Amino acid sequence: MAAHVPANFRRVITAAAGGNVIEWYDFYIFGSLAAILSVKFFEKSNPVAALLSTIALFTAGFLVRPLGAFLFGWLGDRVGRKYTFIMTLVGMALGTGAIGLIPTFESIGLAAAFILFGLRMIQGLCLGGSYGGAITYVAEHVSDERRGYYTGWLQTSPTLGIVLSLIVIIATRTYVGEAAFNAWAWRIPFLFSFLLVFVTLYMRISFEESPVYAEIKAKGQTSRNPWREAFLSSNFKFVVIATIVVLGEGVVWYSSQFWALYFLQTVAKLDTLTTAYIVGAGLIIGTPTLIFFGWLSDIIGRKPVILGGFLLAAVTYYPLYTWLGSVTHPGNINYPIAILIVAILVAYVGMVYGPIGAFLAEFFPAKIRYTAVSMPYMIGNGWGGGLVPFITTAAYTATGSVAYALIYPIAVPAICFVLSLFLMPETRKMKIWEPEAATA
(Lines give C-alpha, C1' and ligand atoms only; values in the text may rest on other atoms or scores of the structure.)
Protein backbone atom coordinates (compact mmCIF):
# COMPACT_ATOMS: atom_id res chain seq x y z
CA MET A 1 0.00 0.00 0.00
CA ALA A 2 1.40 3.36 -0.93
CA ALA A 3 2.07 5.75 1.93
CA HIS A 4 -0.31 8.35 0.52
CA VAL A 5 -1.62 10.58 3.29
CA PRO A 6 -5.06 12.04 2.46
CA ALA A 7 -5.18 15.78 1.82
CA ASN A 8 -7.97 16.28 4.38
CA PHE A 9 -6.23 14.55 7.30
CA ARG A 10 -6.04 17.73 9.44
CA ARG A 11 -9.82 18.18 9.18
CA VAL A 12 -10.24 14.53 10.12
CA ILE A 13 -8.07 14.99 13.21
CA THR A 14 -9.90 18.18 14.21
CA ALA A 15 -13.33 16.62 13.78
CA ALA A 16 -12.35 13.36 15.52
CA ALA A 17 -10.80 15.23 18.44
CA GLY A 18 -13.76 17.63 18.66
CA GLY A 19 -16.20 14.73 18.74
CA ASN A 20 -14.10 13.00 21.38
CA VAL A 21 -14.07 16.13 23.54
CA ILE A 22 -17.85 15.99 23.60
CA GLU A 23 -17.99 12.25 24.31
CA TRP A 24 -15.60 12.66 27.26
CA TYR A 25 -17.57 15.69 28.41
CA ASP A 26 -20.58 13.39 28.52
CA PHE A 27 -18.70 10.80 30.51
CA TYR A 28 -17.07 13.15 33.03
CA ILE A 29 -19.96 15.44 33.71
CA PHE A 30 -21.24 12.51 35.77
CA GLY A 31 -18.07 12.34 37.87
CA SER A 32 -17.80 16.09 38.26
CA LEU A 33 -21.31 16.21 39.76
CA ALA A 34 -20.99 13.02 41.85
CA ALA A 35 -21.55 14.87 45.13
CA ILE A 36 -24.87 16.35 43.89
CA LEU A 37 -26.04 13.18 42.15
CA SER A 38 -25.50 11.20 45.36
CA VAL A 39 -28.18 13.17 47.20
CA LYS A 40 -30.54 13.28 44.21
CA PHE A 41 -30.61 9.57 43.37
CA PHE A 42 -29.82 7.80 46.64
CA GLU A 43 -31.22 7.78 50.18
CA LYS A 44 -29.87 10.82 52.06
CA SER A 45 -29.63 9.43 55.61
CA ASN A 46 -26.06 8.19 55.05
CA PRO A 47 -24.29 10.78 52.86
CA VAL A 48 -20.98 8.84 52.77
CA ALA A 49 -22.74 5.69 51.54
CA ALA A 50 -24.67 7.76 48.98
CA LEU A 51 -21.45 9.33 47.65
CA LEU A 52 -19.70 5.96 47.45
CA SER A 53 -22.75 4.54 45.65
CA THR A 54 -22.53 7.33 43.08
CA ILE A 55 -18.79 6.81 42.62
CA ALA A 56 -19.48 3.07 42.26
CA LEU A 57 -21.94 3.93 39.47
CA PHE A 58 -19.28 6.13 37.90
CA THR A 59 -16.87 3.18 38.14
CA ALA A 60 -19.44 0.75 36.68
CA GLY A 61 -19.45 2.87 33.53
CA PHE A 62 -15.75 2.05 33.20
CA LEU A 63 -16.13 -1.64 33.96
CA VAL A 64 -18.61 -2.18 31.12
CA ARG A 65 -16.36 -0.46 28.58
CA PRO A 66 -14.52 -3.64 27.45
CA LEU A 67 -17.89 -5.08 26.44
CA GLY A 68 -18.42 -2.01 24.26
CA ALA A 69 -14.92 -2.49 22.85
CA PHE A 70 -15.75 -6.15 22.12
CA LEU A 71 -19.00 -5.34 20.28
CA PHE A 72 -18.05 -2.14 18.46
CA GLY A 73 -14.50 -3.33 17.75
CA TRP A 74 -15.93 -6.25 15.78
CA LEU A 75 -18.29 -3.90 13.97
CA GLY A 76 -15.47 -1.49 13.13
CA ASP A 77 -13.30 -4.23 11.63
CA ARG A 78 -16.15 -5.92 9.77
CA VAL A 79 -18.36 -3.02 8.61
CA GLY A 80 -15.99 -0.06 8.74
CA ARG A 81 -14.59 2.69 10.96
CA LYS A 82 -16.90 5.53 9.91
CA TYR A 83 -20.38 4.24 10.77
CA THR A 84 -19.26 2.55 13.97
CA PHE A 85 -17.67 5.82 15.02
CA ILE A 86 -20.91 7.78 14.45
CA MET A 87 -23.08 5.14 16.14
CA THR A 88 -21.09 5.30 19.39
CA LEU A 89 -21.25 9.10 19.40
CA VAL A 90 -25.04 9.23 19.15
CA GLY A 91 -25.53 6.60 21.86
CA MET A 92 -23.15 8.42 24.16
CA ALA A 93 -24.77 11.84 23.85
CA LEU A 94 -28.36 10.53 24.13
CA GLY A 95 -27.45 8.49 27.22
CA THR A 96 -25.96 11.54 28.90
CA GLY A 97 -28.73 13.94 27.97
CA ALA A 98 -31.35 11.55 29.35
CA ILE A 99 -29.73 11.74 32.81
CA GLY A 100 -30.93 15.34 32.91
CA LEU A 101 -34.52 14.11 32.55
CA ILE A 102 -34.64 11.42 35.28
CA PRO A 103 -36.95 12.05 38.27
CA THR A 104 -35.06 12.03 41.58
CA PHE A 105 -35.12 9.53 44.46
CA GLU A 106 -37.56 11.80 46.24
CA SER A 107 -40.03 11.44 43.35
CA ILE A 108 -39.79 7.78 42.31
CA GLY A 109 -37.62 6.14 44.98
CA LEU A 110 -35.08 3.45 44.13
CA ALA A 111 -36.21 3.37 40.49
CA ALA A 112 -34.25 6.62 40.01
CA ALA A 113 -30.99 4.86 40.85
CA PHE A 114 -31.80 1.94 38.52
CA ILE A 115 -32.56 4.28 35.59
CA LEU A 116 -29.33 6.16 36.30
CA PHE A 117 -27.47 2.85 36.30
CA GLY A 118 -28.98 1.88 32.94
CA LEU A 119 -27.99 5.17 31.31
CA ARG A 120 -24.53 4.86 32.79
CA MET A 121 -24.19 1.46 31.13
CA ILE A 122 -25.17 2.94 27.75
CA GLN A 123 -22.48 5.59 28.24
CA GLY A 124 -19.86 2.99 29.08
CA LEU A 125 -20.74 0.69 26.18
CA CYS A 126 -20.61 3.49 23.63
CA LEU A 127 -17.38 4.97 24.95
CA GLY A 128 -15.91 1.47 24.96
CA GLY A 129 -16.35 1.35 21.21
CA SER A 130 -15.62 4.98 20.48
CA TYR A 131 -12.09 5.63 21.58
CA GLY A 132 -10.42 2.69 19.87
CA GLY A 133 -12.24 3.82 16.75
CA ALA A 134 -10.92 7.37 17.12
CA ILE A 135 -7.33 6.17 17.52
CA THR A 136 -7.65 3.79 14.57
CA TYR A 137 -9.39 6.30 12.32
CA VAL A 138 -6.88 9.09 12.92
CA ALA A 139 -3.82 6.80 12.80
CA GLU A 140 -4.96 5.52 9.42
CA HIS A 141 -5.07 9.06 8.02
CA VAL A 142 -1.60 10.36 8.99
CA SER A 143 1.97 9.66 7.93
CA ASP A 144 4.07 7.00 9.65
CA GLU A 145 6.75 9.56 10.57
CA ARG A 146 4.43 11.93 12.48
CA ARG A 147 1.86 9.57 13.95
CA GLY A 148 2.79 10.36 17.57
CA TYR A 149 2.39 14.09 17.01
CA TYR A 150 -0.98 13.89 15.27
CA THR A 151 -2.49 11.25 17.55
CA GLY A 152 -1.19 13.40 20.44
CA TRP A 153 -3.67 16.06 19.32
CA LEU A 154 -6.41 13.45 19.55
CA GLN A 155 -5.21 12.49 23.04
CA THR A 156 -5.96 15.98 24.31
CA SER A 157 -9.67 15.34 23.81
CA PRO A 158 -10.41 13.55 27.12
CA THR A 159 -8.62 16.29 29.08
CA LEU A 160 -10.43 19.01 27.15
CA GLY A 161 -13.67 17.07 27.76
CA ILE A 162 -13.12 17.47 31.49
CA VAL A 163 -12.33 21.16 30.98
CA LEU A 164 -15.55 21.62 29.00
CA SER A 165 -17.55 19.88 31.72
CA LEU A 166 -16.01 22.17 34.37
CA ILE A 167 -16.68 25.28 32.25
CA VAL A 168 -20.35 24.35 31.80
CA ILE A 169 -20.70 23.63 35.53
CA ILE A 170 -19.01 26.91 36.52
CA ALA A 171 -21.09 28.95 34.05
CA THR A 172 -24.37 27.35 35.10
CA ARG A 173 -23.64 27.56 38.82
CA THR A 174 -22.49 31.19 38.56
CA TYR A 175 -25.50 32.25 36.49
CA VAL A 176 -28.27 30.61 38.53
CA GLY A 177 -26.62 30.62 41.96
CA GLU A 178 -25.68 27.83 44.37
CA ALA A 179 -29.17 27.14 45.72
CA ALA A 180 -30.86 26.91 42.31
CA PHE A 181 -28.00 24.78 40.93
CA ASN A 182 -28.34 22.25 43.75
CA ALA A 183 -32.13 22.28 43.47
CA TRP A 184 -32.66 21.85 39.73
CA ALA A 185 -30.02 23.50 37.50
CA TRP A 186 -27.59 20.56 37.93
CA ARG A 187 -29.64 19.04 35.08
CA ILE A 188 -28.49 21.71 32.57
CA PRO A 189 -24.97 20.29 31.98
CA PHE A 190 -26.55 16.91 31.13
CA LEU A 191 -29.23 18.38 28.87
CA PHE A 192 -26.49 20.33 27.09
CA SER A 193 -25.44 16.99 25.55
CA PHE A 194 -28.54 16.97 23.34
CA LEU A 195 -27.22 20.15 21.68
CA LEU A 196 -23.68 18.79 21.43
CA VAL A 197 -24.81 15.65 19.60
CA PHE A 198 -26.02 17.77 16.68
CA VAL A 199 -22.69 19.61 16.58
CA THR A 200 -20.66 16.40 16.43
CA LEU A 201 -22.96 14.70 13.96
CA TYR A 202 -22.42 17.68 11.68
CA MET A 203 -18.66 17.33 12.17
CA ARG A 204 -18.54 13.62 11.50
CA ILE A 205 -21.30 12.94 8.98
CA SER A 206 -19.08 14.08 6.11
CA PHE A 207 -16.30 11.68 7.09
CA GLU A 208 -15.10 9.23 4.49
CA GLU A 209 -13.91 5.74 5.33
CA SER A 210 -10.31 5.42 6.53
CA PRO A 211 -8.05 5.04 3.45
CA VAL A 212 -6.17 2.10 4.98
CA TYR A 213 -9.42 0.26 5.76
CA ALA A 214 -10.95 1.18 2.38
CA GLU A 215 -7.98 -0.36 0.59
CA ILE A 216 -7.92 -3.64 2.52
CA LYS A 217 -11.69 -3.91 2.07
CA ALA A 218 -11.38 -3.34 -1.68
CA LYS A 219 -8.75 -6.09 -1.81
CA GLY A 220 -10.89 -8.49 0.25
CA GLN A 221 -8.33 -8.52 3.08
CA THR A 222 -10.67 -7.65 5.96
CA SER A 223 -10.91 -10.15 8.80
CA ARG A 224 -13.81 -12.61 8.73
CA ASN A 225 -13.64 -12.99 12.49
CA PRO A 226 -11.70 -10.17 14.22
CA TRP A 227 -12.42 -11.66 17.67
CA ARG A 228 -10.81 -14.98 16.80
CA GLU A 229 -7.80 -13.39 15.10
CA ALA A 230 -7.21 -10.98 17.97
CA PHE A 231 -7.87 -13.21 20.98
CA LEU A 232 -7.60 -16.84 19.87
CA SER A 233 -4.38 -16.71 17.84
CA SER A 234 -0.75 -15.74 18.25
CA ASN A 235 -1.93 -12.10 18.40
CA PHE A 236 -3.30 -12.71 21.90
CA LYS A 237 0.10 -12.32 23.56
CA PHE A 238 0.38 -8.89 21.95
CA VAL A 239 -3.06 -7.99 23.28
CA VAL A 240 -1.82 -8.94 26.78
CA ILE A 241 1.34 -6.82 26.42
CA ALA A 242 -0.69 -3.86 25.17
CA THR A 243 -3.09 -4.27 28.11
CA ILE A 244 -0.19 -4.10 30.61
CA VAL A 245 1.08 -0.87 29.04
CA VAL A 246 -2.40 0.68 28.93
CA LEU A 247 -3.10 -0.43 32.52
CA GLY A 248 -0.20 1.70 33.74
CA GLU A 249 -1.24 4.55 31.47
CA GLY A 250 -4.85 4.41 32.64
CA VAL A 251 -3.97 4.52 36.33
CA VAL A 252 -1.63 7.48 35.80
CA TRP A 253 -4.30 9.24 33.74
CA TYR A 254 -7.02 8.96 36.39
CA SER A 255 -4.71 9.37 39.39
CA SER A 256 -3.26 12.58 37.96
CA GLN A 257 -6.43 14.19 36.63
CA PHE A 258 -9.51 12.70 38.12
CA TRP A 259 -8.34 11.94 41.63
CA ALA A 260 -7.03 15.50 41.82
CA LEU A 261 -10.68 16.52 41.46
CA TYR A 262 -11.86 14.06 44.13
CA PHE A 263 -8.90 14.91 46.38
CA LEU A 264 -9.75 18.59 46.47
CA GLN A 265 -13.44 17.84 47.14
CA THR A 266 -13.17 14.96 49.65
CA VAL A 267 -9.76 15.46 51.31
CA ALA A 268 -9.15 19.20 51.13
CA LYS A 269 -12.92 19.83 51.55
CA LEU A 270 -13.05 22.58 48.94
CA ASP A 271 -16.35 23.57 47.36
CA THR A 272 -17.21 22.45 43.81
CA LEU A 273 -16.59 25.86 42.24
CA THR A 274 -13.12 26.33 43.78
CA THR A 275 -12.17 22.79 42.83
CA ALA A 276 -13.32 23.39 39.26
CA TYR A 277 -11.19 26.56 38.98
CA ILE A 278 -8.01 24.87 40.26
CA VAL A 279 -8.36 21.66 38.27
CA GLY A 280 -9.61 23.43 35.15
CA ALA A 281 -6.67 25.86 35.13
CA GLY A 282 -4.17 23.04 35.77
CA LEU A 283 -5.66 21.00 32.95
CA ILE A 284 -5.51 23.89 30.48
CA ILE A 285 -1.84 24.55 31.33
CA GLY A 286 -0.86 20.88 31.24
CA THR A 287 -2.82 19.72 28.19
CA PRO A 288 -0.22 20.82 25.56
CA THR A 289 2.16 18.25 27.07
CA LEU A 290 0.07 15.53 25.40
CA ILE A 291 0.98 16.96 22.00
CA PHE A 292 4.59 17.60 23.04
CA PHE A 293 5.22 14.06 24.28
CA GLY A 294 3.42 12.59 21.27
CA TRP A 295 5.83 14.60 19.10
CA LEU A 296 8.81 13.56 21.24
CA SER A 297 7.86 9.89 20.81
CA ASP A 298 8.21 10.35 17.03
CA ILE A 299 11.85 11.29 17.64
CA ILE A 300 13.07 9.09 20.51
CA GLY A 301 10.42 6.36 20.53
CA ARG A 302 7.15 5.50 22.28
CA LYS A 303 8.72 3.29 24.96
CA PRO A 304 11.11 5.71 26.75
CA VAL A 305 8.47 8.44 26.94
CA ILE A 306 5.71 6.20 28.32
CA LEU A 307 7.96 4.38 30.79
CA GLY A 308 9.39 7.69 31.98
CA GLY A 309 5.85 8.77 32.87
CA PHE A 310 5.22 5.54 34.81
CA LEU A 311 8.39 6.02 36.85
CA LEU A 312 7.85 9.70 37.65
CA ALA A 313 4.25 9.09 38.72
CA ALA A 314 5.17 6.20 41.03
CA VAL A 315 7.99 8.15 42.68
CA THR A 316 6.36 11.56 43.10
CA TYR A 317 2.61 11.04 43.66
CA TYR A 318 2.84 11.00 47.46
CA PRO A 319 4.92 14.20 47.83
CA LEU A 320 2.85 16.01 45.19
CA TYR A 321 -0.51 15.16 46.77
CA THR A 322 0.82 15.94 50.25
CA TRP A 323 1.99 19.30 48.91
CA LEU A 324 -1.38 19.89 47.23
CA GLY A 325 -3.15 19.24 50.54
CA SER A 326 -0.90 21.71 52.36
CA VAL A 327 -1.75 24.60 49.99
CA THR A 328 -5.52 24.05 49.73
CA HIS A 329 -6.87 24.60 53.24
CA PRO A 330 -10.38 26.14 52.94
CA GLY A 331 -10.06 29.89 53.43
CA ASN A 332 -6.31 29.78 52.90
CA ILE A 333 -5.69 28.55 49.35
CA ASN A 334 -2.50 29.19 47.44
CA TYR A 335 -4.04 29.14 43.97
CA PRO A 336 -0.83 29.48 41.87
CA ILE A 337 0.90 26.57 43.63
CA ALA A 338 -2.23 24.38 43.61
CA ILE A 339 -2.68 24.98 39.87
CA LEU A 340 1.04 24.30 39.27
CA ILE A 341 0.80 20.94 41.07
CA VAL A 342 -2.22 19.89 38.99
CA ALA A 343 -0.35 20.98 35.84
CA ILE A 344 2.63 18.79 36.85
CA LEU A 345 0.27 15.86 37.37
CA VAL A 346 -1.21 16.49 33.92
CA ALA A 347 2.30 16.51 32.43
CA TYR A 348 2.65 12.90 33.63
CA VAL A 349 -0.54 12.20 31.71
CA GLY A 350 1.11 13.79 28.68
CA MET A 351 4.04 11.38 28.95
CA VAL A 352 2.02 8.18 29.20
CA TYR A 353 -1.00 9.17 27.16
CA GLY A 354 0.38 11.36 24.38
CA PRO A 355 2.20 8.47 22.59
CA ILE A 356 -0.21 5.63 23.49
CA GLY A 357 -2.52 6.04 20.47
CA ALA A 358 0.40 5.77 18.04
CA PHE A 359 1.82 2.78 19.93
CA LEU A 360 -1.46 0.85 19.85
CA ALA A 361 -2.17 1.60 16.18
CA GLU A 362 1.33 0.49 15.19
CA PHE A 363 1.23 -2.64 17.32
CA PHE A 364 -1.60 -4.41 15.44
CA PRO A 365 -2.37 -5.18 11.76
CA ALA A 366 -5.07 -3.18 9.95
CA LYS A 367 -7.61 -5.99 9.58
CA ILE A 368 -8.01 -6.41 13.37
CA ARG A 369 -6.82 -2.96 14.47
CA TYR A 370 -10.17 -1.60 15.72
CA THR A 371 -10.81 -4.71 17.85
CA ALA A 372 -7.23 -5.21 19.00
CA VAL A 373 -6.74 -1.54 19.94
CA SER A 374 -10.13 -1.17 21.65
CA MET A 375 -9.95 -4.16 23.99
CA PRO A 376 -6.57 -3.50 25.71
CA TYR A 377 -7.41 0.19 25.88
CA MET A 378 -10.74 -0.38 27.58
CA ILE A 379 -9.52 -3.11 29.95
CA GLY A 380 -6.42 -1.18 30.96
CA ASN A 381 -7.98 2.25 30.94
CA GLY A 382 -11.55 1.31 31.81
CA TRP A 383 -10.84 -1.24 34.53
CA GLY A 384 -7.39 -0.25 35.77
CA GLY A 385 -7.88 3.48 35.47
CA GLY A 386 -11.61 3.50 36.09
CA LEU A 387 -11.15 1.92 39.51
CA VAL A 388 -8.94 4.79 40.70
CA PRO A 389 -11.72 7.17 41.90
CA PHE A 390 -13.51 4.39 43.79
CA ILE A 391 -10.43 2.72 45.34
CA THR A 392 -8.72 5.94 46.36
CA THR A 393 -11.85 7.57 47.76
CA ALA A 394 -12.90 4.40 49.61
CA ALA A 395 -9.38 3.95 51.03
CA TYR A 396 -9.28 7.53 52.23
CA THR A 397 -12.79 7.34 53.68
CA ALA A 398 -11.88 4.19 55.60
CA THR A 399 -8.47 5.31 56.89
CA GLY A 400 -8.30 9.10 56.64
CA SER A 401 -4.82 8.62 55.21
CA VAL A 402 -3.61 10.01 51.88
CA ALA A 403 -0.77 7.47 51.96
CA TYR A 404 -3.22 4.54 52.01
CA ALA A 405 -5.36 6.18 49.32
CA LEU A 406 -2.30 6.41 47.04
CA ILE A 407 -1.17 2.78 47.35
CA TYR A 408 -3.04 1.75 44.20
CA PRO A 409 -2.04 4.81 42.10
CA ILE A 410 1.64 4.25 43.04
CA ALA A 411 1.83 0.45 42.90
CA VAL A 412 0.23 -0.08 39.48
CA PRO A 413 2.50 2.28 37.46
CA ALA A 414 5.53 0.88 39.32
CA ILE A 415 4.62 -2.71 38.42
CA CYS A 416 3.73 -1.79 34.84
CA PHE A 417 7.06 0.02 34.51
CA VAL A 418 8.99 -3.13 35.42
CA LEU A 419 6.89 -5.43 33.20
CA SER A 420 6.89 -3.02 30.24
CA LEU A 421 10.65 -2.59 30.50
CA PHE A 422 11.00 -6.22 29.40
CA LEU A 423 7.81 -6.83 27.39
CA MET A 424 6.96 -3.62 25.54
CA PRO A 425 8.48 -3.33 22.05
CA GLU A 426 9.41 -0.08 20.33
CA THR A 427 6.90 0.50 17.50
CA ARG A 428 8.01 3.92 16.23
CA LYS A 429 9.34 2.56 12.93
CA MET A 430 6.31 0.39 12.13
CA LYS A 431 4.71 1.29 8.77
CA ILE A 432 0.94 0.90 9.01
CA TRP A 433 0.58 1.99 5.37
CA GLU A 434 2.35 -1.26 4.47
CA PRO A 435 0.16 -4.08 5.85
CA GLU A 436 2.83 -6.73 5.57
CA ALA A 437 5.10 -4.71 7.88
CA ALA A 438 2.38 -3.71 10.32
CA THR A 439 2.04 -7.02 12.11
CA ALA A 440 2.69 -7.35 15.81
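Small disclaimer: the values here were computed from a predicted structure and weren't measured.

(A) Region of interest: the overall build of the protein. Helix and strand counts for the protein stand at 22 helices and two strands. Rg of the C-alpha trace for the protein: 21 Å, near the compact-globule value of 22 Å for 440 residues, within the 12% margin. Dimensions of the protein, computed from C-alpha atoms along their principal axes, come out at roughly 60 × 45 × 35 Å. Put simply, the protein has 440 residues, and 61% of those count as buried. Taking the contacts inside the protein whose residues are at least 6 apart along the sequence as the reference set, 87% of them involve residues at least 24 apart. Summed over its atoms, the accessible surface of the protein is roughly 15600 Å², and 72% of this surface lies on carbon and sulfur atoms. Looking at the protein, you have 27 positive and 20 negative side-chain charges, and the mean spots of the two groups are 2 Å apart.

(B) Up close: helix 9 (residues 178-185). Inspection of helix 9 places A180, F181 and A185 among the buried residues, and these make up the whole buried set. On an axial view of helix 9, the arc spanned by its buried residues comes to 100°, and they lie on one face.

(C) Fine view of the packing of aromatic side chains. Throughout the structure, instances matching the rule amount to 21 aromatic pairs. When the centroid spacing of 5.6 Å and the interplanar angle of 85° are considered together, the rings of F238 and F363 count as edge-to-face. Taken together, the residues span a long stretch of sequence, with F238 in helix 13 (residues 236-267) and F363 in helix 18 (residues 356-363) at a distance of 125 residues. The pair formed by F238 and F363 is uniform in burial state, with each residue classed as buried. Arranged with centres 5.2 Å apart and planes meeting at 55°, the rings of F263 and Y321 form a pair that is tilted. One end of the pair, F263, is in helix 13; the other, Y321, is in helix 16 (residues 302-326), with 58 residues separating them in the sequence. You can call F263 buried: its relative accessible area is 1%. Owing to a relative accessible area of 1%, Y321 belongs among the buried residues under this scheme.

How each quantity is defined
Residue numbers restart at each chain and count upward from 1, following the sequence in its written direction. With pLDDT at 70 or above as the cut-off, local features in this predicted model cover only qualifying residues; side-chain atom pairs require 80 or more to be listed or tallied, and sums for whole chains, interfaces and linings still use all residues. Think of the side-chain values as coming from all heavy atoms in the structure, minus any hydrogens and water. Strands here mean DSSP runs of E at least two residues long; helices mean DSSP runs of H or I at least four residues long; both are numbered from the N terminus. Atoms counted for the radius of gyration: C-alpha only. Globule rule: 2.2 Å times the number of residues to the power 0.38. Remark: exposure states derive from per-residue accessible area (1.4 Å probe, protein chains only) relative to the maximum for the residue type, with buried under 20%, exposed over 50%, and partly exposed in between. In what follows, a contact means two residues having at least one pair of non-hydrogen atoms within 4.5 Å. All accessible-area figures derive from a Shrake-Rupley calculation using a 1.4 Å probe, and residue coverage is judged against the displayed protein chains alone. Residues counted as positive are Lys and Arg, residues counted as negative are Asp and Glu, and His and the chain ends are not counted. Every charge is mapped onto a representative atom, which is NZ of Lys, CZ of Arg, CG of Asp or CD of Glu. The reported arc concerns the directions from the helix axis to the C-beta atoms and nothing else. Pairs were defined over the aromatic rings of Phe, Tyr and Trp, the Trp ring being its six-membered one, requiring ring centres within 6.5 Å. Orientation was assigned from the angle between planes: stacked under 30 degrees, edge-to-face over 60, tilted for the rest.

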